[in-house]
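# Understanding the architecture of this molecule
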Amino acid sequence: MQGSDSLEGSNWAGNVVFGAIRRVAPCSVEGLQEIVAACDRARPVGTRHSFSPIADTAGTLISTARLPAVLRIDAGAREVTVSAGTRYGYLAGELHARGWALPNLGSLPHISVAGGCATATHGSGDRNGNLATSVVALDLVTANGELVTVRRDVDGDFAGHVVALGALGVVVTVTLAIVPTFHVRQHVYRGLTRVTLLERLDEIFAAAYSVSVFTCWRPESSRLWVKQRVEPTGETTAAPVENFGVRALEQPDHPVPGADPVHTTGQLGVPGPWHERLPHFRMGFTPSSGDELQSEYFVSRDDARAAIERIFHIGDQIRPALQVSELRTIAADDLWLSPAYGRDAVSLHFTWRPDEAAVARAVAAVERQLAPFQPRPHWGKVFALPAASIRATYPRLGDFLALADRRDPTGVFRNTFLASTVGLR
Ligand SMILES: Cc1cc2nc3c(=O)[nH]c(=O)nc-3n(C[C@H](O)[C@H](O)[C@H](O)COP(=O)(O)OP(=O)(O)OC[C@H]3O[C@@H](n4cnc5c(N)ncnc54)[C@H](O)[C@@H]3O)c2cc1C
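Since the model is a prediction, treat every value here as computed from it, not as a measurement. (Residues numbered from 1 in each chain as written. Predicted model: local features only at pLDDT ≥ 70, side-chain atom pairs only at ≥ 80, totals over all residues.)

Before going further, it helps to spend a moment on the site of the ligand. Near the ligand, the surroundings consist of 33 residues, among which Gly46, Ser50, Gly115, Gly166 and Gly380 are the closest. Listing elements by their share of the shell around the ligand, those giving two or more residues are strand 2 (42-45), helix 3 (113-118) and strand 9 (170-177). Per-element tally for the shell around the ligand: the top contributor is helix 3, with four residues. Looking at side-chain class alone, the shell around the ligand contains 14 nonpolar, 17 polar and two charged residues. There are two domains that each give the shell around the ligand at least three residues, and those are domain 1 (71-181) and domain 2 (183-384). (Near = placed C-beta within 6 Å. Helix = DSSP H or I, 4+ residues; strand = E, 2+ residues; numbered from the N terminus. Nonpolar A, V, L, I, M, F, W, Y, C, P; charged D, E, K, R; others polar. Domains from an automatic or database assignment.)

So, in structure tokens, the structure goes:
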């Protein structure tokens, strides 16, 4: 299976019911071109895992899941070209079987490549960019039905095309940079105190290839998920983390307290292929709690300590709506609408209970605390930040709006979400 069941009428979480009058999944690129050229209003959709109404439209919802499957590796160039609707989990297995890897993955492998890149989906790691930073080329069908190719090394405005929120056209194939395959060991530790987290934040995130802190904002009991790269010699690239005062768990864990670890990737330090350790959740199993809403905000590394401290102060206030929070690091990049554009970032993530009223109150409280740090919200998650404050944090937003006008002069791919967040009307 490489495609996705994208003809459903709502998103994965069920909080967004699509307003589309028509849902289509063309079986050829030519068919897609004809559909797009005939649409007044349309949106591309991936595997529907976004919590925001980013993919919604009053017109035609277009899935690429049924386009002919493409998976072409160019070993010399170290690139793979895949059809847009390919799920990361499928791609990862195929790459590993041929000796290749992607540098990182999000917490779940269930999402489509085009959908993940369009919202700058990320994992963790001081030196790991978000998933969109691996993109070296895109083929997309623009509003007039034309198939165009953009490449990083050729097109000056390439960096505007990748994290594009579905606003520039329907991507049909994505070319990604690949690296030789590698193995990873995953350990989970408990007992990280608020004081140690704040005092040794940089050391903690530098301790391994990918580090996540899971917390419910209590002073004594955060957990560390540590993913160490295993070198071909069998050595691991990591500093020991016991000196942070934490204890390794001897049973598998789940990020959401009380949830069944059967859904999570291998732990207890057993080495495994990169794609079976870098995501927290296993393909074919339910990711996260399965019954939730999510929010996430990115602040500069320089502001991370102060931002985290402020959320600890409102822990009691937001905990009734919270299942768990996660802190991760993302390397700076040059993609115009990436939340890590121009600054190394720390993300503060919130897995909420599926109670929209309680979540709205908690989101407002979190946004008040983060306001001094120019937070950038995750495009695919729940937020309420006003458009002006979002726009002020993206120095290349004006260039993106001009690019969208050029690619889509009549606004076929615009929707209410784009108008209310980036001002694309
Ligand atoms: C349980 C869970 C865990 C998650 N964990 C993480 C995480 O670890 N890190 C993280 O950053 N995010 C995470 N997310 C959020 C998720 O990765 C993003 O919302 C991602 O965009 C979802 O991909 P999708 O294929 O479902 O895209 P959709 O939600 O279907 O679409 C997202 C956007 O992509 C556009 N798009 C889709 N296909 C195309 C195409 N062919 N051409 C052009 N544009 C297209 C859509 O128009 C829309 O704007 C998580 C979500 C869930 C439900």
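Back to the text.
Before going further, it helps to spend a moment on the domain arrangement of the chain. Taken domain by domain, the chain consists of domain 1 (71-181) and domain 2 (183-384). For domain 1 versus domain 2, the distance between C-alpha centres works out to 23 Å. Each partner contributes to the interface: domain 1 provides 31 residues, whereas domain 2 provides 30 residues. Elements represented by at least two residues in the side of domain 1 that touches domain 2 include exactly helix 2 (88-97) and helix 4 (158-161). (Contact = placed C-beta atoms within 7 Å.)

Bringing helix 11 (residues 397-407) into the picture now. Among all positions of helix 11, only Phe400, Ala404 and Arg407 are buried. Along the axis of helix 11, the buried residues cluster in a sector spanning 70°; they form a single face. The exposed set on the far side of helix 11, more than 90 degrees from its buried face, consists of Gly398, Ala402, Asp405 and Arg406. Packing partners of the buried residues in helix 11 comprise helix 4. (Buried ≥ 20, exposed ≤ 12 C-beta atoms within 10 Å, placed from the backbone. Arc of directions from axis to C-beta.)

A separate point is the sheet that holds strand 9. Pairing within the open sheet is antiparallel, and its five strands lie in the order 4-5-9-7-8. In this open sheet, the two edge strands, each paired with only one partner strand, are strand 4 (71-74) and strand 8 (147-151). On average, adjacent strands in this sheet sit at an angle of 15° to one another, irrespective of strand direction. Note: strand 7 (residues 135-141) against strand 9, six bridges, orientation antiparallel. Paired with valine 135 across the strands is leucine 176, a residue of strand 9. On the sheet, helix 1 (residues 29-37) packs against strand 7, strand 8 and strand 9 and is oriented at approximately 130° with respect to strand 9. (Pairing = 2+ DSSP bridges. Axes fitted to C-alpha atoms, helices over the stretch in contact; angles between N-to-C directions.)

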